[in-house]
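As a plain string of letters, each chain reads:
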Amino acid sequence: MKQKIWYFLLWLLYAFIFYVNWIIWIIETTISLILYCILFFFIYSLWEKFRKREPLNFVEFWKKFIYKICLFIYTIAFIIWWFAFYNNSINPATMPQFTISNWQKTVVFQAMSHIARPDFYKQVEQEIRDFKTSSWVLFYEWVKEWTKESNDKFDQALWVNFTPDLYKNMSRLYGVTFQDNSKLLWLVNNLDFNVDLTLDEVVKIYEEKVKNNGTKNVNNQEVINASDEIIAQLSTLNDRELKILVYINQAILNLIIKNDKEMKKLLENFWNPDLLDVILDERNKNLADNIEKSEYNKIFITYWLLHFEWVLKLLQESDSKWKIISTKELYPISEKKF
């Protein structure tokens, strides 16, 4: 019975490998299994002789080896599948839409992701249309125009070459699309206001922080061209491999979005803390200041999720009457199915 099981598991594994990458992976897998089996058989034989026991012959060892290897592979595969299925179908991440008010002004804060499902952006577009039809205005996040010098300094501080097509290429790894602000602006009316900093301002504030904090200069860090790296990785995958990778990547992205606070702490520990402080904290102050000073009392905002909690705190420091009065959930990466 056990022998039939390992035959079944092996052929099932080969069927999956053939489906994903045809005959090449089968040849490579077979060669790898044989080599590893020889290696472990040699170790096993030495161990049995050390214990003064008669080792199995190679054929019997091969059967046990394949059986256990298959069980190991299927166990790992099941864990990965369950992780992906749970995060993609049972408990996917949401992008909340918070409505806050101090009873003088009402703000709808739509948390955004720069890569998401097309349906998510269509939902946000419709939300903007509906609110602006009712005489609301739009405040939106998008770092304003900058000089090449600031762009180079930002890339150096970020350690990544932030090219215009980065989000577009990233979206292919996650089976989604990228945020196209042109589809979210100038809907119904022209009351759209960019309430972000310029990259020149970001770099200036960052350099002042580095100087004041005495932080180690990061100008010698290697700048990674992430866009090219993504394209290179995509070029090595066929459609079926990409489909599997996308499903797993979506689960990881869902997990990251659901744990955004922990991700912020992780970034603070392993990334450039001075730059993160500007990207988050300084822009939070700028957004809160724009809300408070705006002549408009009904404001719809599209901004990155990590900003909301801190923007609300800043508003409450100036006026304790600011409260969350309602919350609505949208699904940016995958919809809940179960």
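Residues numbered from 1 in each chain as written. Predicted model: local features only at pLDDT ≥ 70, side-chain atom pairs only at ≥ 80, totals over all residues. Heavy atoms only, no water.

A.B. asks: What should I look at first to understand the confidence of the model for the protein in this one?
C.D. replies: Caution applies to low-pLDDT parts of the model: their predicted coordinates are not meant to be read in detail. In this model, the protein carries an average pLDDT of 90, and 96% of its residues clear a pLDDT of 70 or more. Per-element confidence in the protein ranges from a low mean pLDDT of 72 for helix α9 (residues 260-270) to a high of 98 for strand β4 (residues 137-140). (pLDDT = per-residue confidence, 0-100. Helix = DSSP H or I, 4+ residues; strand = E, 2+ residues; numbered from the N terminus.)

A.B. asks: Any chance you could explain the side chain of Thr 99 here in plain terms?
C.D. replies: In this fold, Thr 99 is placed in strand β1 (residues 95-101). The exposure class assigned to Thr 99 is buried, which follows from its relative accessible area of 13%. Non-local contacts of Thr 99, meaning those with residues more than four positions away in its chain, are made with Thr 106, Val 107, Val 108, Lys 323, Ile 324, Ile 325 and Ser 326. (Buried < 20%, exposed > 50% of the residue type's maximum accessible area, 1.4 Å probe, protein only. Contact = heavy atoms within 4.5 Å.)

A.B. asks: Just to check I follow, could you spell out unusual backbone geometry for this structure?
C.D. replies: Working note: non-glycine residues mostly have negative phi, and peptide bonds are mostly trans. Residue Trp 103 is not a glycine yet carries a positive backbone phi of 75 degrees. Within the secondary structure layout, Trp 103 lies in the loop between β1 and β2 (106-112). Phi is positive for Val 188, which is not a glycine, with a value near 70 degrees. In this structure, Val 188 sits in the loop between β5 (177-178) and β6 (192-194).

A.B. asks: Explanation requested: the nonpolar core in the structure shown.
C.D. replies: Generally speaking, soluble globular proteins have nonpolar side chains that are buried together. Phe 109, Phe 120, Leu 287, Ile 291 and Ile 301 are the most contacted members of the largest nonpolar core, which totals 49 residues. Beyond its immediate sequence surroundings of up to four residues, Ile 301 is in contact with Val 107, Val 108, Phe 109, Gln 110, Phe 139, Leu 287 and Ile 291. (Core = buried A, V, L, I, M, F, W, Y, C linked by side-chain atoms within 4.5 Å.)

A.B. asks: Is there a simple way to explain the sheet that holds strand β7 (residues 298-304) in this structure?
C.D. replies: Across a sheet, paired strands are connected by hydrogen bonds in the backbone, their directions being either parallel or antiparallel. Pairing in this open sheet of 6 strands is mixed, and the strands run β6-β4-β7-β2-β1-β8 from one edge to the other. At either end of the open sheet lies a strand with only one pairing partner, and these are β6 and β8 (323-330). Across the sheet, the axes of successive neighbouring strands diverge by a mean angle of 20 degrees, strand direction being ignored. When β1 meets β2, the two strands line up antiparallel, connected through 5 bridges. (Pairing = 2+ DSSP bridges. Axes fitted to C-alpha atoms, helices over the stretch in contact; angles between N-to-C directions.)

A.B. asks: What exactly am I supposed to notice about the pattern of salt bridges here?
C.D. replies: Side chains carrying opposite charge are able to pair once their charged atoms draw close together. Scanning all chains against the criterion turns up 19 salt bridges. With a shortest N-O distance of 3.6 Å, Glu 48 and Arg 51 are connected by a salt bridge. We classify Glu 48 as buried; its relative accessible area is 5%. Relative accessible area serves as the criterion here: at 40%, Arg 51 is assigned to the partly exposed category. In this structure, the salt-bridge partner of Asp 289 is Lys 293, at a minimum N-O distance of 3.3 Å. Pair noted here: Asp 289 and Lys 293 are both in helix α10 (residues 273-293), with a separation of 4 residues, about one helical turn. (Salt bridge = Lys/Arg side-chain N within 4 Å of Asp/Glu carboxyl O.)

A.B. asks: Even after reading the chapter, I still don't get the packing of aromatic side chains, so can you show me in this structure?
C.D. replies: Think of a pair of aromatic rings as described by two things: how far the centres are apart, and how the planes are tilted against each other in angle. A complete count under the given rule lists 21 aromatic pairs for this structure. With centroids separated by 6.1 Å and ring planes inclined at 45 degrees, the aromatic side chains of Trp 81 and Trp 82 adopt a geometry described as tilted. Taken together, the ring pairs in this structure connect Phe 40, Phe 41, Tyr 44, Phe 58, Phe 61 and Phe 65 into an aromatic cluster. (Phe/Tyr/Trp six-rings, centres within 6.5 Å; stacked < 30°, edge-to-face > 60°.)

A.B. asks: What is the right way to look at a nonpolar patch on the surface in this model?
C.D. replies: Taken together, the side chains of Phe 18, Trp 22, Ile 23, Ile 24, Trp 25, Ile 27, Ile 31, Ile 34, Leu 35, Ile 38 and Phe 58 make up a nonpolar region of the molecular surface, amounting to roughly 1,000 Å² of accessible area. A total of 10 residues in the nonpolar patch trace back to one element, the largest contributor, which is helix α1 (residues 2-50). The residue Trp 22 is located in helix α1 in this model. (Patch = residues over 30% accessible without salt bridge, like charges linked within 9 Å, V, L, I, M, F, W, Y side chains within 5 Å. Areas by Shrake-Rupley, 256 points an atom, 1.4 Å probe, with all protein chains shown as cover.)

A.B. asks: Before we go on, may I ask you to explain the pairing of β1 in this structure?
C.D. replies: Burial of β1 is extensive: 7 of the 7 residues sit out of reach of the surface. Taking every second residue as pointing to the same face, both faces of β1 are buried, with Met 95, Gln 97, Thr 99 and Ser 101 on one and Pro 96, Phe 98 and Ile 100 on the other. Strand direction decides the pairing type here: β1 and β8, joined by 7 bridges, are antiparallel. Within β8, the position partnered with Pro 96 by the bridge is Glu 329. In sequence, β1 turns back onto β2 through a hairpin of 4 residues, with Trp 103 there showing a positive phi of about 75 degrees.

A.B. asks: Would you explain the pairing of β4 in this entry?
C.D. replies: Two faces belong to every sheet, and in a regular strand the side chains alternate between them. Here β4 shows two buried faces, one formed by Val 137 and Phe 139 and the other by Leu 138 and Tyr 140. Note: β4 against β7, 4 bridges, orientation parallel. Paired with Leu 138 across the strands is Phe 300, a residue of β7. Sheet analysis places β4 next to β6, joined by 3 bridges and oriented parallel. If you follow Tyr 140 over to β6, its bridge partner there is Asn 194.

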